[in-house]
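What follows is the residue order along each chain.
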Amino acid sequence: MPSKPVIGYARVAKNFGPVVAVDGVSLDVAEGEFLAIVGGSGSGKTTLLRLTNRLIEVDRGTITVEGADISRADPVELRRRIGYVFQSGGLFPHLSVADNIGITPKLLGIPQGEIAARVDELLDLVRLDRTQHRDRLPQDLSGGQRQRVGVARALAARPRIVLMDEPFGALDPLTRDALGEDYRALHHKLGLTTVMITHDMTEAILLADRIAVMRAGQLLAQGTPAELGRSDDAYVLELLRTPRRQVARLNERLPQGGAA
Ligand SMILES: Nc1ncnc2c1ncn2[C@@H]1O[C@H](COP(=O)(O)OP(=O)(O)OP(=O)(O)O)[C@@H](O)[C@H]1O
């Protein structure tokens, strides 16, 4: 890897009692990279993400963020540098969209007027109409709109790193596709480094520059989609089989170059 990694995992391990959640993971995430972590339920993906911003602490190994060992960082300051998008939005139900997005700037002591302007800028960024949405409660939004607010909130403190835990998983396919594409455009526009968890290899291939595959706490493979295709690991190949099958079936059934 040419430049210093923005996030570096070195032999990272985490147990919960007898459960081995993360088992000796070493992985570098380069500046500006969009990395997807793919793996089945319980493979340790969320644990790895939560270790990164010290929502939980490593048992063994080291994690560096922007070159510094996070065990020596102030967790609150660390979390300001890392935006986090939760699986189901993770919005505060009793707060309006504007207050949800503005919560971190408020905690940072930014004046009210500046926060209001920042909220509007973030609503534009995630393509939600300001006047329509800023005063609504999360319960009055669609799932896709809630996730857009979740992304806006994660970006509120202008982080350079964003971690996303299965952000588009619960959405219908069209919304999911639109949000994924929109987020990828944002990732480029803002020069972010993104780590996204997903169960879905197709989504990972479509959105990410590189993919890391986890199973039973271990990192089985990492690389570009093309590199993964050359893996000799049976599980990795199995994960790639579904998107391959879908492509073949789509090509067979959809008229080439037609309006469909
Ligand atoms: N706080 C906890 N206490 C006890 N066990 C935990 C805790 N958090 C995670 N685990 C266990 O660690 C293992 C890895 O969990 P993790 O949530 O990281 O998996 P995951 O790959 O994100 O799964 P999913 O895709 O279902 O979210 C699982 O066996 C899980 O039950």
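Look up: the structure comes first, before these words.
Residues numbered from 1 in each chain as written. Predicted model: local features only at pLDDT ≥ 70, side-chain atom pairs only at ≥ 80, totals over all residues.

Student: How do you make sense of the overall build of the protein when you look at a structure like this?
Tutor: Of the regular secondary structure elements, the protein holds ten helices and ten strands. For a compact globule of 260 residues, the expected C-alpha radius of gyration is about 18 Å, and the protein comes in at 19 Å, within 12% of that figure. A principal-axis box enclosing the C-alpha atoms of the protein has dimensions of 55 × 55 × 35 Å. Here the protein holds 260 residues, and the buried ones make up 39% of them. Sequence separation of 24 or more characterises 69% of the internal contacts of the protein that already satisfy a separation of 6 or more. (Helix = DSSP H or I, 4+ residues; strand = E, 2+ residues; numbered from the N terminus. Rg over C-alpha atoms; globule rule 2.2 N^0.38 Å. Buried ≥ 20, exposed ≤ 12 C-beta atoms within 10 Å, placed from the backbone. Contact = placed C-beta atoms within 7 Å.)

Student: Can you walk me through the environment of Met164 in this structure?
Tutor: With respect to the secondary-structure elements, Met164 resides in strand β7 (residues 161-165). Owing to 24 C-beta atoms within 10 Å, Met164 belongs among the buried residues under this scheme. A sequence separation of ten residues divides Met164 from Ala154, and the C-alpha atoms of the two residues are 9.3 Å apart. Excluding anything up to four places from it in sequence, Met164 contacts Val85, Thr194, Met196 and Ile197.

Student: Can you help me understand the sheet that holds strand β1 (residues 7-16) in this one?
Tutor: Sheet strands associate in pairs through backbone hydrogen bonding, adopting either a parallel or an antiparallel arrangement. Pairing within the open sheet is antiparallel, and its four strands lie in the order β2-β1-β4-β5. Each edge of the open sheet carries a strand with a single partner, namely β2 (19-29) and β5 (68-69). Note that strand β4 (residues 60-65) and β5 share two bridges and pair antiparallel. In the strand pairing of β5, Val65 is matched with Ala68. Here helix α1 (residues 45-52) sits on the sheet and contacts β1, β2 and β4; the angle it forms with β2, its principal contact strand, is near 60 degrees. (Pairing = 2+ DSSP bridges. Axes fitted to C-alpha atoms, helices over the stretch in contact; angles between N-to-C directions.)

Student: Got a minute to help me understand the sheet that holds strand β9 (residues 210-215) in this structure?
Tutor: Strand order across the open sheet formed by six strands is β6-β7-β8-β3-β9-β10, with mixed pairing between neighbours. Pairing within the sheet leaves two strands with one partner each, and these edge strands are β6 (82-85) and β10 (218-223). Averaged over all adjacent pairs, the angle separating strand axes in this sheet is 15 degrees, with direction ignored. Examined bridge by bridge, β6 and β7 share four bridges and lie parallel to one another. Along β7, the bridge assignment pairs Ile82 with Ile161. This element, helix α6 (residues 143-154), spans β6 and β7 of the sheet and lies at about 165 degrees to β6.

Student: Is there a simple way to think about the site of the ligand in this case?
Tutor: Lining the immediate surroundings of the ligand are Phe16, Val19, Ala21, Gly39, Ser41, Gly42, Ser43, Gly44, Lys45, Thr46 and Thr47. Contributing elements (two or more residues each) for the shell around the ligand: β2 and α1. Among the elements that take part in the shell around the ligand, α1 stands out by supplying three residues, more than any other. Of the residues assigned to the shell around the ligand, the class counts are three nonpolar, seven polar and one charged. (Near = placed C-beta within 6 Å. Nonpolar A, V, L, I, M, F, W, Y, C, P; charged D, E, K, R; others polar.)

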